[in-house]
Amino acid sequence: MVNFTIPQLRAIMDKPKNIRNMSVIAHVDHGKSTLTDSLVAAAGIIAMASAGDTRLTDTRQDEIDRGITIKSTGISLFYDLSPEDLADENMPKDSDGREFLINLIDSPGHVDFSAEVTAALRITDGALVVVDCIDGVSVQTETVLRQALTERIKPVLTINKLDRGFLELQLDPESMYTQFVKHVENVNVIISTYKDESMGDLQVYPEKGTVSFSAGLHGWAFTLPIFARMYAKKFGVSEAKMTERLWGENYFVASEKKWKSTGDQSERAFNMFVLDPISKIFQAAMNDQSEKLQKMLNALNIKMKKDDLELTGKTLLKRTMQNWLPAHKALLEMMICHLPSPATAGKYRVDLLYTGPLDDVCATGIRACDPNAPLMLYVSKMVPSVDKGRFIAFGRVFAGTVSAGVKVRIMGPNYIAGKKEDLYIKSIQRVVLMMGRKQEPVESVPVGNTCGLIGVDQFLVKTGTISSDDDAYPMKDMKFSVSPVVRCAVEPKNPQDLPKLVEGLKRLAKSDPMVVICIEESGEHIVAGAGELHMEICLKDLQDDFMNGAPLKISEPVVSYRETVIETTAEECMSKSPNKHNRLYFKAFPLGDELTNKIDAGEITPRDDVKIRGRILADEFGWDVDVARKIWAFGPDIVGPNLIVDETKAVQYLSEIKDSCVAGFNWVTKEGVICEENLRGIGFAILDVTMHADAIHRGGGQIIPTARRVMYAAEMISGPRLMEPVFLVEIQCPEQAMGGIY
């Protein structure tokens, strides 16, 4: 039974100190969704008995079939903690009451979907890192942890799948302990390698309660403070002291009733007081020793229902452990005590998130986490809604309050403060809370919470900033750790489905933060994704959801080439027009990598001031100043990395054929002479022109084909070459690992 109502949830949203925004991150198949289930069950959304098998946050059919998470899913959970759940002295100092709201995002672990993880991390302040106790820290654990640390997100760790250690591998306590120590050390190495100096020490320590040990499938977990509470009374020491003794080189000699710093493995406090009782319960439950189990339960003061005690094997074990060490208790305590609230996180995240001056009203609002400041909301992804083809913009309120029906400024990723492009002023139709598979409508959402917006999807492609202040700058765009390199061409099997395809591709581009859609010169529709699996999922979505099952033809993955020249034309090329009255003399020359890259980067553009651009070309690239001032056009598409320049001296009527020459030049740069690919890094110089005196004999029909032929000839005799794309990989690593990379 759901133990909260939406009005209750809405009331607690106004207390930013009692909110935690967190995402669950890990390597693929380390048990994120399964662990999330225990938290969802504790909020009463699913039954405790089915926690671990439901995987509520896997909402799509293909996620359930494949057993992996593909899209990150948000869910808001409300907890009213009783004093036995969390003692008064352990409550965070600044919390306001005992009710907490946790906005949790379950993210995928597969490397192809790491864009989803980035989108989830941007709108949260804390991360629960899940590590498999047997596999340990893997490649993707490191990637997602690095992403989290660059976004200034505070991690807490849980070592998951302990049930495997007890049941499958039957490990002895000492080898389990050494494995745990190793995993914690590995995580701390990653944290200290990538940490942001301004954040202080972010490393995790079991004795400080920032590491928990869990078994998501069976729904139980513990942290050392939980065990310390059980033993503190018995030993007559404080909880804090007992917690420290339960980890590291602390041994208890039972015969002498003394603590020592050296001793036998079985006397290590962690093995003796933590792992030993758990393994005893495991053995009793798995071997059906019901009297022995009953005795232990009485000793631990656990009351179980009669029906539960009649279960056998794994179901009995799950039930017992859930009663003794419920997973949500340990995880909630860890999140509430050790993860920052939006009020705390705003102070140190503002300079990373905001692009404008750090002392204007918006930045101050983010820093103070003020619900009355101007609205600042970052939309990190689009979630497909129930209506076909419409999307809910999912994001987080960083300052102010978002409410339905208010006019706001919607700034896309290409918006530059003070300009008009990529800026819309529209009103938000409805505001909803994201609850896993369904949405709950609310009037307004204050600062520090995540929410969904309806009615802004036409104005945003993937991400963007929404603000109510006219002078607001946009939030920084997200940096992804992968780039779309796998490209496929798609076309419909039936030509009449073409409009459907175009519409479907638009929706696909919205639904995934990573995917890139473009139309090649040949008219093919290209879909680019991060990897094989990512492409497969995207194309399946395109076909089934966005095109209502219209069949597609999908090509093999493709790469596009470019053509260039490597030397200047040795002799000038001449071409006559079809009526033999006009002659054009041209040569081609390579622009060089440096200039080509500058044009690509937008440092040298056709819109620049002619004199300034001429000066740069003369000073940096050794061009003749007169020639540098007479650039006719860039191509292809007005801004491409090829030039046509006028090197003629005293030719009459030259300006009359300028348009025709530029048209020919654009045609050439789009389809080169080698294999009809785009040109790159070629300059064409007009050396001389002889024309018919009568204007009627030098029209476009005469000049354009002539110009095209002469440029092809110039390219052919200047050492033409094909350029292929290179996969640029940037590898960051600690010094010790350098050798392995080479």
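In short, a report on the structure. Being a predicted model, the structure only gives us computed values, none of them experimental. Residue numbering note: each chain is counted from 1, following its sequence as written. Given that this is a predicted model, residues contribute local features only at a pLDDT of at least 70 and side-chain atom pairs are listed and counted only at 80 or more, while totals for whole chains, interfaces and linings are drawn from all residues. The side-chain values count all of the structure's non-hydrogen atoms but skip hydrogen atoms and water molecules.

### Brief notes about the overall build of the protein
Stage number 1. Secondary structure counts use DSSP, requiring at least four H or I residues in a row for a helix and at least two E residues in a row for a strand, with both numbered from the N terminus. Helix and strand counts for the protein come out as 24 helices and 31 strands.
Stage number 2. Principal-axis analysis of the C-alpha atoms gives the protein an extent of 115 × 60 × 55 Å.
Stage number 3. Three labels apply to residues, based on accessible area from a 1.4 Å probe with only protein chains included: buried if under 20% of the type maximum, exposed if over 50%, partly exposed otherwise in between. Counting only residues that meet the buried cut, the protein has 53% of its 742 residues in that class.
Stage number 4. When checking whether two residues touch, look at their non-hydrogen atoms; a contact exists if any pair is within 4.5 Å. Sequence-distant contacts, at least 24 apart, represent 72% of the contacts inside the protein between residues at least 6 apart.

### What about the sheet that holds strand 31 (residues 720-723)?
Stage number 1. Paired strands are those between which DSSP finds at least two bridges. Here we have three strands laid out as an open sheet, ordered 29-24-31, and mixed in their pairing. The two strands at the open ends of the sheet, each matched to only one other strand, are strand 29 (678-679) and strand 31.
Stage number 2. Where strand 24 (residues 562-565) lies against strand 31, four bridges are found, and the strand directions are antiparallel. Bridge assignment links Glu563 to a residue of strand 31, and that residue is Leu722.

### As for the pattern of salt bridges
Stage number 1. Within this document, salt bridges are pairs made up of a side-chain nitrogen of Lys or Arg and a carboxyl oxygen of Asp or Glu, the two lying within 4 Å of each other. This model, assessed by the stated rule, comprises 17 salt bridges.
Stage number 2. Between Lys381 and Glu116 there is a salt bridge, with the nearest N and O atoms lying 2.9 Å from each other. Taken together, the residues span a long stretch of sequence, with Lys381 in strand 10 (residues 376-384) and Glu116 in helix 4 (residues 114-122) at a distance of 265 residues.
Stage number 3. Residue class for Glu116 comes out buried when judged on its relative accessible area of 2%.
Stage number 4. We note a salt bridge from Asp544 to Lys540, for which the minimum N-O separation is 3.8 Å. Taken together, the residues span about one helical turn, with Asp544 and Lys540 both in helix 18 (residues 532-546) at a distance of four residues.
Stage number 5. Judged by relative accessible area, which is 36%, Lys540 ranks as partly exposed.
Stage number 6. Here the salt bridges share partners, and the residues they tie into one network are Arg122, Asp125, Glu151, Arg349 and Arg396.

### Re the pairing of strand 27 (residues 631-635)
Stage number 1. Counting buried positions along strand 27 gives five out of five residues, so the element sits mostly inside the fold.
Stage number 2. Bridging between strand 27 and strand 28 (residues 642-646) involves four bridges; their strand directions are antiparallel. The partner of Ile631 across the bridge, within strand 28, is Val645.

### Details of the side chain of Asn21
Stage number 1. Within the element layout of this structure, Asn21 appears in strand 1 (residues 19-26).
Stage number 2. At 2.8 Å, the side chain of Asn21 forms a polar contact with the side chain of Asn103.
Stage number 3. If we ignore the near neighbours within four places in the chain, the residues touching Asn21 are Asn103, Ile123, Thr124, Asp125, Gly126, Pro342, Arg396, Gly448 and Thr450. Residues adjacent in sequence count toward polar contacts only when both atoms are side-chain atoms; beyond that, a polar contact is any pair of N or O atoms within 3.5 Å, and within protein one must be able to donate a hydrogen and the other to accept it.

### Some points on the nonpolar core
Nonpolar side chains tend toward joint burial in soluble globular proteins.
Stage number 1. Definition of nonpolar core: a set of buried residues of the types Ala, Val, Leu, Ile, Met, Phe, Trp, Tyr and Cys, connected through side-chain atoms within 4.5 Å. The biggest cluster of nonpolar side chains holds 70 residues, and the ones touching the most others in it are Tyr79, Leu128, Leu377, Val402, Val445, Leu453 and Ile466.
Stage number 2. Apart from the residues lying within four places of it in its own chain, the contact partners of Leu377 are Arg396, Val397, Phe398, Val402, Cys451, Leu453, Gly464, Thr465 and Ile466.
Stage number 3. Residues Val117, Val131, Met242 and Phe270 belong to the second largest nonpolar core, which totals 64 residues.

### Description of the environment of Asp477
Stage number 1. In this fold, Asp477 is placed in the loop between strand 19 (464-467) and strand 20 (486-492).
Stage number 2. In sequence terms Asp477 and Glu168 are 309 residues apart; their C-alpha atoms lie 45 Å from each other.
Stage number 3. For Asp477, the residues in contact, after removing those within four places along its chain, are Arg122, Tyr378, Pro413 and Thr463.

### A short note on the sheet that holds strand 30 (residues 682-690)
Stage number 1. Strand order in the open sheet formed by five strands is 25-26-30-28-27, with mixed pairing between adjacent strands. Bordering the open sheet on either side are strand 25 (573-576) and strand 27, each of which pairs with just one other strand. Each strand of the sheet is rotated relative to its neighbour by a mean of 25 degrees, with strand direction disregarded. Each axis is a line fitted through C-alpha atoms, taken for helices only over the stretch in contact, and angles between the N-to-C directions span 0 to 180 degrees.

### Description of a positive patch on the surface
Stage number 1. Patch definition: residues with relative accessible area over 30% and no salt bridge; like charges joined within 9 Å; nonpolar side chains (Val, Leu, Ile, Met, Phe, Trp, Tyr) joined within 5 Å. The Shrake-Rupley method, run with a 1.4 Å probe, gives the accessible areas here. Residue values count only the displayed protein chains as cover. When charges are tallied, Lys and Arg are placed among the positive residues and Asp and Glu among the negative ones, while His and the ends of the chain are skipped. A charge is said to be at NZ when it belongs to Lys, at CZ for Arg, at CG for Asp and at CD for Glu. Residues Lys576, Lys580, Arg583 and Arg709 make up a contiguous surface patch of positive charge.
Stage number 2. By secondary structure assignment, the location of Arg583 is in strand 26 (residues 583-590).
Stage number 3. Of the residues examined, Arg583 reaches a relative accessible area of 32% and is grouped as partly exposed.

### A short note on the packing of helix 5 (residues 139-150) against helix 7 (residues 173-194)
Stage number 1. Where helix 5 meets helix 7, the closest approach of the two axes is 10 Å, and the angle between their N-to-C directions is 40 degrees. Between helix 5 and helix 7, the crossing angle belongs to the class labelled oblique. Handedness of the helix 5/helix 7 crossing: right-handed. Packed against helix 5, whose contacting residues are Glu142, Leu145, Arg146 and Leu149, the element helix 7 presents Val187, Ile190, Ile191 and Tyr194 at the interface.
Stage number 2. Throughout this entry, Asp, Glu, Lys and Arg are counted as charged residues, while Ala, Val, Leu, Ile, Met, Phe, Trp, Tyr, Cys and Pro are counted as nonpolar. The remaining residues, Gly among them, count as polar. Considering only residue class, the contact of helix 5 with helix 7 consists of six nonpolar, no polar and two charged. Here the word oblique covers every angle except those under 35 degrees (roughly parallel), over 145 (roughly antiparallel) and from 65 to 115 (roughly perpendicular). Should the near helix be turned anticlockwise from the far one by less than a right angle, the crossing is left-handed, and should it be turned clockwise, the crossing is right-handed.

### Notes on helix 20 (residues 610-621)
Every α-helix carries 3.6 residues per turn, so stepping three or four residues along brings you back to the same face.
Stage number 1. For a helix, the expected span equals 1.5 Å multiplied by the number of residues minus one. Under the 1.5 Å per step criterion, the end-to-end length of helix 20 is 16 Å for 12 residues, consistent within 8% with the ideal 16 Å.
Stage number 2. Those residues of helix 20 that sit buried are Arg613, Gly614, Leu617, Ala618 and Phe621. For helix 20, the angular spread of buried residues about the axis comes to 135 degrees, placing them on one side. Exposed positions of helix 20 whose direction lies more than 90 degrees from the buried face are Lys611, Ile612 and Asp619.
Stage number 3. Next to the buried residues of helix 20 lie helix 19 (593-601), helix 21 (625-628) and strand 27.
Stage number 4. The opening residue of helix 20 is Asp609, an N-cap whose side-chain oxygen sits 3.0 Å from the backbone nitrogen of Lys611. For this quantity, the arc is that covered by the directions from the helix axis to the C-beta atoms.

### Remarks on the packing of aromatic side chains
Stage number 1. Classification of ring pairs rests on two measures: the distance between centres of Phe, Tyr or Trp rings, Trp counted by its six-membered ring, which must be within 6.5 Å, and the angle between planes, read as stacked under 30 degrees, edge-to-face over 60 and tilted in between. For the structure on display, the rule yields 13 aromatic pairs.
Stage number 2. Ring geometry for Tyr354 against Tyr473: centres 6.4 Å apart, planes inclined by 75 degrees, an arrangement best described as edge-to-face. Taken together, the residues span a long stretch of sequence, with Tyr354 in the loop between helix 15 (342-353) and helix 16 (361-368) and Tyr473 in the loop between strand 19 and strand 20 at a distance of 119 residues.
Stage number 3. Assessed through its relative accessible area of 31%, Tyr473 is described here as partly exposed.
Stage number 4. Here the aromatic cluster, defined as three or more aromatic residues joined through ring pairs, consists of Tyr177, Phe180, Phe213, Trp220, Phe222, Phe227, Trp247, Phe282 and Trp324.
Stage number 5. Only Lys NZ and Arg CZ are tested; either one counts as a charge over a ring when it is within 6 Å of the ring centre and within 35 degrees of the ring normal. Positioned over the ring face of Tyr378 is Arg122, at 4.9 Å from the centre of the ring.
Stage number 6. Taking NZ or CZ as reference, Arg698 lies 4.4 Å from the ring centre of Tyr653, over its face.

### A word on unusual backbone geometry
Stage number 1. With phi around 60 degrees, Arg152 is a residue other than glycine that occupies positive phi space.
Stage number 2. The topology assignment puts Arg152 in the loop between helix 5 and strand 5 (154-160).
Stage number 3. You will see that Tyr653, though not glycine, has its phi angle at about 60 degrees, which is positive.
Stage number 4. Tracing the backbone shows Tyr653 in the loop between strand 28 and helix 22 (658-670).

### Looking at the environment of Asn301
Stage number 1. Within the secondary structure, Asn301 is located in the loop between helix 11 (290-300) and helix 12 (306-309).
Stage number 2. Owing to a relative accessible area of 58%, Asn301 belongs among the exposed residues under this scheme.
Stage number 3. Sequence separation between Asn301 and Ile612 is 311 residues, and the spatial gap between their C-alpha atoms is 84 Å.

### Here's the deal with helix 19
Stage number 1. Every buried residue belonging to helix 19 is among Leu595, Thr596, Lys598 and Ile599, and all of these are buried. Projection of helix 19 onto a plane perpendicular to its axis shows the buried side chains occupying an angular sector of 160 degrees, all on one side. Exposed residues on helix 19 whose side chains face more than 90 degrees from its buried face are Asp593, Glu594 and Ala601.
Stage number 2. Each element contacted by the buried residues of helix 19 is listed here: helix 20, strand 27 and strand 28.

### Observations concerning a nonpolar patch on the surface
Stage number 1. A cluster of nonpolar side chains, namely Tyr561, Ile674 and Leu722, defines an oily patch on the protein surface of about 250 Å² accessible area.
Stage number 2. Summarising the element assignment, Ile674 is placed in the loop between helix 22 and strand 29.
Stage number 3. Among the residues examined, Ile674 registers a relative accessible area of 39% and is labelled partly exposed.

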